[in-house]
Amino acid sequence: QVQLVESGGGLVQAGGSLRLSCAASGRTFSMYNMGWFRQPPGKEREFVATIRWNGASTSYADSVKGRFTISRDNAKNTVYLQMNSLVPGDTAVYFCAADRRPFYSGSSIGAGVYGSWGQGTQVTVSS
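So, how was this worked out
- Position numbers for residues count from 1 along each chain, tracking the sequence in the order it is written.
- Confidence filtering applies because this is a predicted model: local features only for residues at pLDDT of at least 70, side-chain atom pairs given and counted only at 80 or more, and all residues used for totals across whole chains, interfaces and linings.
- Computation of side-chain values: all heavy atoms of the structure, hydrogens and water removed.
- Note: two strands are recorded as paired if DSSP finds a minimum of 2 bridges between them.
- Labels follow the DSSP assignment, with helices taken as runs of H or I lasting at least four residues and strands as runs of E lasting at least two, numbered in each case from the N terminus.
- Axis geometry follows a simple rule: fit a line to the C-alpha atoms, using only the stretch in contact for helices, then measure angles between N-to-C directions, giving values from 0 to 180 degrees.
- Stacked, tilted and edge-to-face are the three classes assigned to paired rings of Phe, Tyr and Trp, where Trp is represented by its six-membered ring and a pair needs centres within 6.5 Å; plane angles under 30 degrees give stacked, over 60 edge-to-face, the rest tilted.
- Accessible area is worked out with a 1.4 Å probe on protein chains only. A residue is then buried under 20% of its type maximum, exposed over 50%, and partly exposed in between.
- As a reminder, the over-ring test applies to NZ of lysine and CZ of arginine, requiring each to be within 6 Å of the ring centre and within 35 degrees of the ring normal.

## So, the sheet that holds strand β8 (residues 78-83)
- Strand order in the open sheet made by the 4 strands is β1-β3-β8-β7, with antiparallel pairing throughout. Only two strands of the sheet have a single neighbouring strand rather than two, namely β1 (3-7) and β7 (68-73). The mean angle between the axes of side-by-side strands here comes to 15°, regardless of whether they run parallel or antiparallel.
- In this sheet, β8 lies alongside strand β3 (residues 18-25) in antiparallel orientation, the contact comprising 6 bridges. When the sheet's bridge partners are listed, Leu-18 is paired in β8 with Met-83.

Here it is in structure tokens:
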């Protein structure tokens, strides 16, 4: 139901920053928890961050905690991932996703709870 398009990826040096955006098309965007996942080269998709439908709560993978910040602007149907202090290990294709459960009062950590996914945007961090 929710169509998602990521943008903002690119090449950045270690220590730098990027902000990813995920634009959603759908009248019900504000009903759903949103998440960011990433897939490093040669590895499986992994959880990065999630934010409650109303922005009241966030959760992060340990690997990005303190460096990445997820936020959303429901008026703009957009979720963001601010990435600071980037390291080469952050190199991956980053995907945004929308939980399939409206108004879910929990942390959407597992990929299986997401019903909509974007196409992904490449982030490359050089050493």
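## Observations regarding the environment of Ala-75
- Tracing the backbone shows Ala-75 in the loop between β7 and β8.
- Between the C-alpha atom of Ala-75 and that of Tyr-94, which follows or precedes it by 19 residues, the distance is 23 Å.

## Side note on the packing of aromatic side chains
- Enumeration according to the criterion identifies 5 aromatic pairs in this entry.
- Aromatic side chains Phe-37 and Tyr-114 sit 5.2 Å apart centroid to centroid with 85° between the ring planes, which places their arrangement in the edge-to-face category. One end of the pair, Phe-37, is in strand β4 (residues 32-39); the other, Tyr-114, is in strand β10 (residues 114-117), and 77 residues separate them in sequence.
- The class for Tyr-114 is buried, based on a relative accessible area of 3%.
- In this structure an aromatic cluster arises from ring pairing among Phe-37, Phe-47, Tyr-114 and Trp-117.
- Across the ring face of Phe-29, the terminal group of Arg-72 is positioned such that the distance to the ring centre comes to 4.5 Å.
- Stacked on the ring of Tyr-104, the Lys or Arg Arg-101 has its end atom at 3.6 Å from the ring centre.

## Overview of the pairing of strand β11 (residues 121-126)
- With burial as the criterion, only one face of β11 is covered, namely that bearing Thr-121, Val-123 and Val-125; the residues Gln-122, Thr-124 and Ser-126 on the opposite face remain uncovered.
- As defined by bridge partners, strand β2 (residues 10-13) adjoins β11 across 4 bridges and the pair is classed as parallel. Bridge pairing in β11 links Leu-11 to Thr-124.
- Note: strand β9 (residues 92-102) against β11, 3 bridges, orientation antiparallel. Within β11, the residue paired with Val-93 across the bridge is Gln-122.

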